[in-house]
Amino acid sequence: MRLALAALLSGCVIASRSLTPPPNDVTTVALLTGTLGPPMDGIARHPWFAVRKQGETRWTVYEVGGGGTEEDPFRHHEYYGHPILHKVWRGDEADRAAACLEREAEPWIGRLHYRFYPGPNSNTFGDVMLRKCGLHASLPATSVGKDWRGVLGANVTTEGTGIQLETPILGVRLGIKEGFELHILGLAVGIDLWPPAIIVPLGPGRLGFADR
Amino acid sequence: MKALIILGVLAVSSSAHAERWQRMMDRVQGGAFLHYELTGLEAIDEPGPTQTPNEMVLAGARLHGFLGKGASVAYHIGADLFAGSTLRGAGFAYDVALFPVGIVVRFGKTSIIGFSAGVGAIGAVGTIDDAVTVPVEAIAEIGNAWRLLARARVAYVAGADSRQSAAPSIPFADELDAMLGLRFGHHYDDHGFPTGNGYFLGVSYRELAGTKFAGFTIGYSIDMAMPRRFTGNDNHDGHDE
């Protein structure tokens, strides 16, 4: 209770993941987001997947508008600030994820008719890859465009424990872990049940515990 | 060879598109501001003759833009979308407005003072009758990193008898809504465009359904603009500030 209150008062996220890259003893796939440049840095984030196969020293990055290999995409990813690590997959699960991203990312980006707002954009890419590859994680509320489904769309959430119905004007996400999230013109507000947090369309996208 | 032709066509069309965009950018200049706001209001006098709420919380966004040929005067449009609740009545409340007509005077880098008019709707389940409104609003956004944010709106109500002439302080309109805030933020001049952002704190005042409300607003504001270019249409010596 005290921790939750402290989070609310300080406006920060409790128990954020460390940005130290894991060892290369097994394959690793990570989902990260970073802020856009000013003045959008408080309200908009951009996602990238970092993939490093067992024994490799460099990371392969999958994202819209970038990509290639990098030494440390956890702490230094060009053009994007204040990175947040949302999820890490390791071992066999990461091998499957790496193969899926290698197969699915480039063709999807090639077909993308990019629209900065409301989507499809880089956050739509992040959400689509999570679902296509069966990776259970959530992009933050400030990843505007993650809920873009065209005129009308419905699906199981990326966390896998909820459902989502979306139009460009109004959308809703309901789930056991996800809680309740209302989307108005692409902006998200709501309550995340696990880990507990208030979902806000600002900063890291939540007030409370970091997502898991 | 076919690929080369396609690439060539794409390059030419892309270049043409860029040129069109550049020509448009040369002809007009403008800017925009976005607010995320959370406002809590409490009744400060006895409720009016109708069943009015004692408290009201509204959260939402304001997105406004302005565009003109000159550096000092621009056409202004905007949209405000807010939803919330009348706390103890626990009724869903909403306050939305579109401003298709407006004018702003620009000064400084991104500062503006202006007026706009439009159409809106306000209501709350169980406490405030739903009604269409015709709001007329004056706005001011002055400063850069530290920025004064001010807004005053009077509204004429159609469709709810209980809300006619229901702003005690102003005989000429049915409702009044005002906010005065100060942003403590940042100013940027990256890539040749003046922009700014940051959190703000403000005081709010409202007269609605015969009751006066006062409270606080917290929010986040972003402003951005094209650099002001003085042309022959502007009464100025030809240089930006």
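Shown above is the structure to which this text applies.
Note that the coordinates shown come from a computational prediction; the quantities given were computed from them, not determined experimentally.

### Brief notes about the overall build of chain B
Now for step 1: On a plain count of helices and strands, chain B comes out with 1 helix and 10 strands.
Now for step 2: For chain B, the α and β elements follow one another from N to C terminus as α-β-β-β-β-β-β-β-β-β-β.
Now for step 3: By residue count, 46% of the 241 residues in chain B fall in the buried class.
Now for step 4: Partitioning the contacts of chain B with sequence separation of at least 6, the portion at a separation of at least 24 is 58%.
Now for step 5: Of the accessible surface of chain B, which amounts to about 11,900 Å², a share of 68% is contributed by carbon and sulfur atoms.

### Comments concerning the environment of Thr142(A)
Residues and elements named next belong to chain A.
Now for step 1: Looking at where Thr142 falls in the secondary structure, it is placed in the loop between helix H3 (122-132) and strand E7 (153-156).
Now for step 2: The class for Thr142 is buried, based on a relative accessible area of 1%.
Now for step 3: Residues Thr142 and Gly203 lie 61 residues apart in sequence; the distance between their C-alpha atoms is 6.9 Å.
Now for step 4: Sequence-distant contacts of Thr142, defined by excluding residues within four places in its chain, comprise Gly42, Ile43, Ala44, Arg45, Pro201, Leu202, Gly203, Pro204 and Gly205.

### Description of the interface of chain B and chain A
Now for step 1: With 14 residues of chain B in contact, the opposing surface of chain A contributes 10 residues.
Now for step 2: The contact between chain B and chain A buries some 920 Å² in all, and 76% of this surface belongs to carbon and sulfur atoms.
Now for step 3: Inspection of the region where chain B meets chain A yields 0 salt bridges.
Now for step 4: Between the two partners, chain B and chain A, sit 2 residue pairs in polar contact (both at pLDDT 80 or more).

### A look at the nonpolar core
Nonpolar side chains tend to gather and get buried jointly when the protein is soluble and globular.
Now for step 1: Counting 23 residues, the largest nonpolar core has Val29(A), Phe49(A), Trp89(A), Leu101(A), Phe125(A), Met129(A) and Leu130(A) as its most contacted members.
Now for step 2: Within the residue set of this core, elements represented by two or more residues are strand E2 (28-35), strand E3 (45-52), helix H2 (92-111) and H3 of chain A.
Now for step 3: With 7 residues, the top contributor of residues to this core is H2(A).
Now for step 4: When sequence neighbours within four positions are dropped, the list of residues in contact with Val29(A) reads Ala50(A), Val51(A), Lys87(A), Val88(A), Trp89(A), Ala94(A), Ala97(A), Ala98(A) and Leu101(A).
Now for step 5: Counting residues in each nonpolar core, the second largest holds 11 residues, with Phe82(B), Ala93(B), Ala124(B) and Leu208(B) among its members.

### Re the pattern of salt bridges
Now for step 1: Scanning the entire structure with this criterion turns up 26 salt bridges over all chains.
Now for step 2: One salt bridge connects Arg103(A) with Glu104(A), and the closest N-O pair in it is separated by 3.5 Å.
Now for step 3: What makes Arg103(A) exposed here is its relative accessible area of 52%.
Now for step 4: Glu181(A) serves as the salt-bridge partner of Arg173(A), at 3.1 Å between the closest nitrogen and oxygen. In this pair, the class of Arg173(A) matches that of Glu181(A), namely buried.
Now for step 5: Each of the salt bridges in this network shares a partner with another, and the network as a whole consists of Glu37(B), Arg62(B), Asp80(B), Asp95(B), Glu137(B), Arg151(B), Arg153(B), Asp177(B) and Arg206(B).

### A closer look at the pairing of E7(A)
All names here are of chain A.
Now for step 1: The two faces of E7 differ: Gly153 and Asn155 on one face are buried, but Ala154 and Val156 on the other face are not.
Now for step 2: In this structure, E7 lies alongside strand E8 (residues 162-166), joined through 4 bridges in antiparallel fashion. Its bridge partner being in E8, Gly153 is matched across the sheet by Glu166.
Now for step 3: In textbook terms, the turn of a hairpin is the stretch between consecutive antiparallel strands, and for E7 and E8 this stretch comprises 5 residues, one of which, Gly160, has a positive phi near 90°.

### Some details on empty space enclosed by the protein
Now for step 1: As enumerated under the stated definition, the model contains 5 cavities of 30 Å³ or more in all.
Now for step 2: As a volume, the largest cavity reaches approximately 110 Å³.
Now for step 3: Forming the walls of the largest cavity are 15 residues, and the residues nearest its centre are Asp147(A), Trp148(A), Thr167(A), Pro168(A) and Gly186(A).
Now for step 4: Across the lining of the largest cavity, the residue classes tally to 5 nonpolar, 6 polar and 4 charged.
Now for step 5: The computed volume of the second largest cavity comes to approximately 90 Å³.
Now for step 6: In this structure, the second largest cavity is lined by Thr39(B), Leu41(B), Leu58(B), Arg62(B), Phe82(B), Asp95(B), Arg151(B), Asp177(B), Ala178(B), Ser204(B), Arg206(B) and Thr217(B).
Now for step 7: Only strand E1 (29-43), strand E2 (55-68), strand E8 (175-188) and strand E9 (195-208) of chain B provide two or more residues apiece to the lining of the second largest cavity.
Now for step 8: Across the lining of the second largest cavity, the residue classes tally to 4 nonpolar, 3 polar and 5 charged.

### Topic: a nonpolar patch on the surface
All names here are of chain B.
Now for step 1: Side chains of Leu38, Ile113, Ile142, Trp146, Leu148, Leu180, Leu182, Phe184, Leu201, Val203, Phe216 and Ile218 sit close together on the surface and give an oily, nonpolar patch of about 1,100 Å² of accessible area.
Now for step 2: In terms of residues, the nonpolar patch owes the most to one element, E8, which gives 3 residues.
Now for step 3: Locating Phe216 in the fold gives a position in strand E10 (residues 211-225).

### Here's the deal with the environment of His76(B)
Now for step 1: Tracing the backbone through its elements, the reader meets His76(B) in strand E3 (residues 73-86).
Now for step 2: Among the polar contacts made by the side chain of His76(B), one reaches the side chain of His64(B) at a distance of 2.9 Å.

### A closer look at the sheet that holds E9(B)
Now for step 1: Within the closed barrel, the 10 strands sit side by side as E1-E2-E3-E4-E5-E6-E7-E8-E9-E10 (chain B). Their pairing is antiparallel. Across the sheet, the mean angle separating the axes of adjacent strands is 20° when strand polarity is ignored.

Reading guide: rules and limits
Residues numbered from 1 in each chain as written. Chains lettered and ligands numbered in written order. Predicted model: local features only at pLDDT ≥ 70, side-chain atom pairs only at ≥ 80, totals over all residues. Heavy atoms only, no water. Helix = DSSP H or I, 4+ residues; strand = E, 2+ residues; numbered from the N terminus. Buried < 20%, exposed > 50% of the residue type's maximum accessible area, 1.4 Å probe, protein only. Contact = heavy atoms within 4.5 Å. Areas by Shrake-Rupley, 256 points an atom, 1.4 Å probe, with all protein chains shown as cover. Buried area = accessible area lost by both parts, 1.4 Å probe. Salt bridge = Lys/Arg side-chain N within 4 Å of Asp/Glu carboxyl O. Polar contact = N/O pair within 3.5 Å; in protein donor to acceptor, adjacent residues only side chain to side chain. Core = buried A, V, L, I, M, F, W, Y, C linked by side-chain atoms within 4.5 Å. Pairing = 2+ DSSP bridges. 1 Å grid on protein atoms, 1.4 Å probe; cavity = no way out; pocket = protein on both sides within 12 Å on 5 of 7 lines; lining within 4 Å. Points joined across faces, edges and corners; volume = space filled by probe spheres on them. Nonpolar A, V, L, I, M, F, W, Y, C, P; charged D, E, K, R; others polar. Patch = residues over 30% accessible without salt bridge, like charges linked within 9 Å, V, L, I, M, F, W, Y side chains within 5 Å. Axes fitted to C-alpha atoms, helices over the stretch in contact; angles between N-to-C directions.

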